[in-house]
Amino acid sequence: MIKLSVNLNKIALIRNSRPGNIPELTTHARTCLAAGADGITVHPRPDLRHIRPDDVHQLGALIREYPGIEFNVEGNPFESPHQHYPGLLALVAQARPHQCTLVPDSTDQLTSNHGFDVAATGSQLQPVVARLQEQGVRVSLFMDPDVEQIELAAQLGVNRIELYTGPYAEHYRMSPAHGETLFKRYRRAAECALDLGLGVNAGHDLNLDNLKHFVALPGLLEVSIGHALIVDALAMGLTQAVQAYKARLARRVKL
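Basis of the calculations
Residues numbered from 1 in each chain as written. Predicted model: local features only at pLDDT ≥ 70, side-chain atom pairs only at ≥ 80, totals over all residues. Heavy atoms only, no water. Helix = DSSP H or I, 4+ residues; strand = E, 2+ residues; numbered from the N terminus. Rg over C-alpha atoms; globule rule 2.2 N^0.38 Å. Buried < 20%, exposed > 50% of the residue type's maximum accessible area, 1.4 Å probe, protein only. Contact = heavy atoms within 4.5 Å. Lys, Arg positive; Asp, Glu negative; His and termini not counted. Charge placed at Lys NZ, Arg CZ, Asp CG, Glu CD. Salt bridge = Lys/Arg side-chain N within 4 Å of Asp/Glu carboxyl O. Core = buried A, V, L, I, M, F, W, Y, C linked by side-chain atoms within 4.5 Å. Arc of directions from axis to C-beta. Polar contact = N/O pair within 3.5 Å; in protein donor to acceptor, adjacent residues only side chain to side chain. Pairing = 2+ DSSP bridges. Axes fitted to C-alpha atoms, helices over the stretch in contact; angles between N-to-C directions.

Helix and strand content of the protein: eleven helices and eight strands. At 17 Å, the protein has a C-alpha radius of gyration in line with the 18 Å of a compact globule built from 255 residues. Along the first, second and third principal axes, the C-alpha atoms of the protein reach 45 × 45 × 35 Å. Relative to its 255 residues, the protein shows a buried fraction of 55%. Across the protein, contacts joining residues at least 24 apart in sequence account for 72% of those joining residues at least 6 apart. Each charge sign in the protein was given a centre, from 24 positive and 26 negative side chains, and these centres are 6 Å apart.

Written as structure tokens, this is what we have:
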């Protein structure tokens, strides 16, 4: 069964558009978990545009009330501390999530849009991976579907990779046939990861439509979905949206 980790960034973004604490993040996290979500994901950034450090601590405490539910904190380990943002590694050391997904995004990026170039950054990443694992945190590396890069990622000792699915989603949006053509690259990448003993996660712009095909990815363990799920929740309600994604993930097909 592919697990669903709900990314709460967009709910935090709405909250931050006004003074106060509405919508309240932990309340909506509880709603997601009650509806069947397998985990919660957040991606704090130095500009605090959505998730704040306090959110990470509060959600970490909340999820400890739910045995079997996982907390995934994403971010760039190389971003310097900035005002009220202590840095990803400091946050993870304090909150101790089950998983930390390392993402090579910069402060000025609207959203994540590429995976790590491990050939260029591997020597910097290796001590970060070791440090997180020493803290009992599973490490996932945000990656493009590039076999050579995935082979290098395995040499760092990471536990999993998260395949960046933005290009797949864009091709699928143009036409399902385009998406299915690009899916072959993701299949090869996933098979490579599995052969190397890595777990496979995926995320970015996945939705109820393009998941129909992507759930066939070999060995897929977890998807992290935020934007599309929250958009769907505007029409169908948050509980129903989570349940719809869970149902979609359960209908795994073979290609």
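Moving on, we come to the pattern of salt bridges. Summed over the entire model, instances satisfying the criterion amount to eight salt bridges. Between arginine 49 and aspartate 47 there is a salt bridge, with the nearest N and O atoms lying 3.0 Å from each other. Close ionic contact of aspartate 209 with lysine 212 constitutes a salt bridge, the shortest N to O distance being 3.0 Å.

Now for the nonpolar core. Counting residues in hydrophobic clusters, the biggest one holds 77 residues, and the most contacted among them are Leu102, Leu141 and Leu229. Considering every element that reaches this core, the biggest residue donor is helix α8 (residues 176–195), with seven residues. Those residues in contact with leucine 102, other than ones at most four positions away along the chain, are Gly75, Pro77, Leu88, Phe116, Leu125, Val128, Val129, Leu132, Val139, Ser140, Leu141 and Phe142.

Considered for burial, the residues of helix α7 (residues 166–174) that qualify are Gly166, Tyr168, Ala169 and Tyr172. Along α7, the residues classed as buried sweep out an arc of 160° about the axis, all on the same side. Packed against the buried residues of α7 are β6 (160–164), α8 and α9 (211–214).

Attention shifts here to the side chain of asparagine 76. Along the chain, asparagine 76 falls in the loop between β3 (70–75) and α4 (88–95). Side-chain polar atoms of asparagine 76 contact the backbone nitrogen of phenylalanine 78, separated by 2.8 Å. Once residues lying within four places of it in the same chain are set aside, the contact partners of asparagine 76 are Leu88, Val103, Pro104 and Asp105.

The strand order β1-β2-β3-β4-β5-β6-β7-β8 describes a closed barrel built from eight strands, whose pairing is parallel. For this sheet, the mean inter-axis angle between neighbouring strands, taken without regard to orientation, is 25°. Where strand β1 (residues 3–7) meets strand β8 (residues 220–225), four bridges bridge the pair, whose relative direction is parallel. By the bridge assignment for β8, valine 6 is matched with isoleucine 225. Against the sheet, α4 contacts β3 and β4 (99–102), and its axis sits at roughly 165° relative to β3.

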